[in-house]
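# Understanding the architecture of this molecule
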Amino acid sequence: MDVWLNRRGFLVGAVGLGGAVLLGACGDDDSGGTSPDDQSGDSTDHGASGELTHANLGLLPITDVAPLFLGRDQGIFADHGLEIEPKFAEGGAVILPSVLSGEFDIGFSNIVSLLLLQSQGQEFTILAGGGLTATGDDPDYSQMIVLEDSPLETLADLSGKKVAINTLNNALQIVVKAAVDKAGGDPDSIDFREFPFPEMAAVLQAGEVDAIQHNEPFQTILQKEGGVRTLGQPFVDVAPGEVLAFYFVKGSDADSDLATGFRDGMAEANAFAAGHEAEARAIIPEYTEITPEIAADVILPPWAEDSVKRSSLEVYAELMTQYGLAEETPDFEALLP
């Protein structure tokens, strides 16, 4: 796969967002996170000098967050009084506790992880969403991949098979279960195996698993190499047009100027990205390690200005209950602004 990388191999972060692609991190800084060296943005050119509120944002360098970087470049957040500094975490599991501790002012994580931690007594408020799952026959950024000569024909055939996901007992697991259930298979018989996204192609080709729930950009890289095909699109089957990952703050910061400014800024940034696909693709190699060639071909999620979707929270809360991650439906309403 190294032919598709800009600098060094894909590194950490492949256990984080569940439905989002996870790439390698940039160089460490003294904040405990990592900061993109070449993404200073032009925020200091807007507003009165010295009046911008600085905010550290904990996230992974993923395609889903391209609007955030476009918003910095376009001065959108500065127009809302903010200077956003992305800090790349070593994995999704680091982001939530780092927001609670104050190391990050804002975080980005999948809704399942947020609801799991909320059930332990923590309070968060979501401010904006990432990309949406595809709908209908449109290609999704997360697909079930098998070898080209695999005997499996539908998602129902995954019953009793070994399936690779990036994190056990999180978003991908319940979505795959729900999709197999809907297809008429036995979701409880699936043997889930945990592998980072960058390792999934190798274990599939080695026969260690029968299928992999793969995300961009890795599925594009693998499909370019050949020898594989798509078995199905679980997220489209069970949560079409919904948002999996959200920007959030701890509950005590829900009404702060920072939260309000970021909420409004991300609405504008998502709208800008939705109308400027070429700019979104062009900025991805600037904060990730994939090449412009791959960035030009990856399946991008749709982005929406109104991205805090109650329906998305409800869908995943119900899936958590139905497929064993929660004994009762989590209080997803408590996350809404």
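All of the points below concern the structure found in this document. Each chain has its residues counted from 1, following the order in which its sequence is written. In keeping with the predicted nature of the model, local features appear solely for residues at pLDDT of at least 70, side-chain atom pairs appear and are counted solely at 80 or more, and the whole-chain, interface and lining totals rest on all residues. Derived side-chain values reflect all non-hydrogen atoms in the structure, with water molecules and hydrogen atoms excluded from consideration.

## Focus: the packing of helix 5 (residues 171–182) against helix 12 (residues 310–322)
- Angles here are taken between N-to-C directions and fall from 0 to 180 degrees, while the axes themselves are lines fitted to C-alpha atoms, restricted in helices to the stretch in contact. By the criteria applied, helices consist of DSSP H or I runs no shorter than four residues and strands consist of E runs no shorter than two, each listed in order from the N terminus. At their nearest, the axes of helix 5 and helix 12 sit 10 Å apart, and the two run at 80° to each other. With respect to helix 12, the element helix 5 is oriented roughly perpendicular. Two secondary-structure elements touch here, helix 5 through I174, V175, A178 and D181 and helix 12 through Y316, L319, M320 and Q322.
- Considered class by class, the residues forming the contact of helix 5 with helix 12 number six nonpolar, one polar and one charged. Small angles under 35 degrees read as roughly parallel and large ones over 145 as roughly antiparallel, with 65 to 115 read as roughly perpendicular and the rest as oblique. The contact criterion used is simple: two residues touch if any of their non-hydrogen atoms lie within 4.5 Å. As a working rule, the residues Ala, Val, Leu, Ile, Met, Phe, Trp, Tyr, Cys and Pro are called nonpolar, Asp, Glu, Lys and Arg charged, and the rest polar, with Gly in that last group.

## Quick look at the side chain of S142
- Looking at the element boundaries, S142 is found in strand 5 (residues 142–147).
- A distance of 2.8 Å separates the side chain of S142 from the side chain of Q213, its partner in a polar contact.
- One polar contact links S142 to N215, side chain to side chain, over a distance of 2.6 Å.
- Not counting residues up to four positions away in its chain, the partners in contact with S142 are Q213, H214, N215, Q219, Q233 and F235. We define a polar contact as two N or O atoms separated by no more than 3.5 Å, with the added condition that, inside protein, one atom must be a possible hydrogen donor and the other a possible acceptor, whereas residues neighbouring each other in sequence contribute only through side-chain atom pairs.

## Some remarks on the packing of aromatic side chains
- What counts as a ring pair is set by centres within 6.5 Å for rings of Phe, Tyr and Trp (its six-membered ring), and what kind of pair is set by the plane angle: stacked under 30 degrees, edge-to-face over 60, tilted for all other angles. Applying the stated rule across the entire model yields seven aromatic pairs.
- When the centroid spacing of 5.5 Å and the interplanar angle of 10° are considered together, the rings of F77 and F262 count as stacked. In this pair, F77 is assigned in helix 2 (residues 76–79) and F262 in helix 9 (residues 257–275), connecting sequence segments 185 residues apart.
- Using a 1.4 Å probe on the protein chains alone, a residue whose accessible area is under 20% of its type maximum counts as buried, one over 50% counts as exposed, and one in between counts as partly exposed. Judged by relative accessible area, F262 falls into the buried class, the value being 0%.
- Judged by centre distance (4.4 Å) and plane angle (45°), the rings of F108 and Y247 are tilted. Taken as a pair, F108 in strand 3 (residues 106–110) and Y247 in strand 10 (residues 245–250) lie far apart in primary sequence, 139 residues in all. Each member of the pair, F108 as well as Y247, carries the same accessibility label: buried.
- Ring pairing ties together the aromatic residues F77, F108, Y247 and F262, which thus form one cluster.

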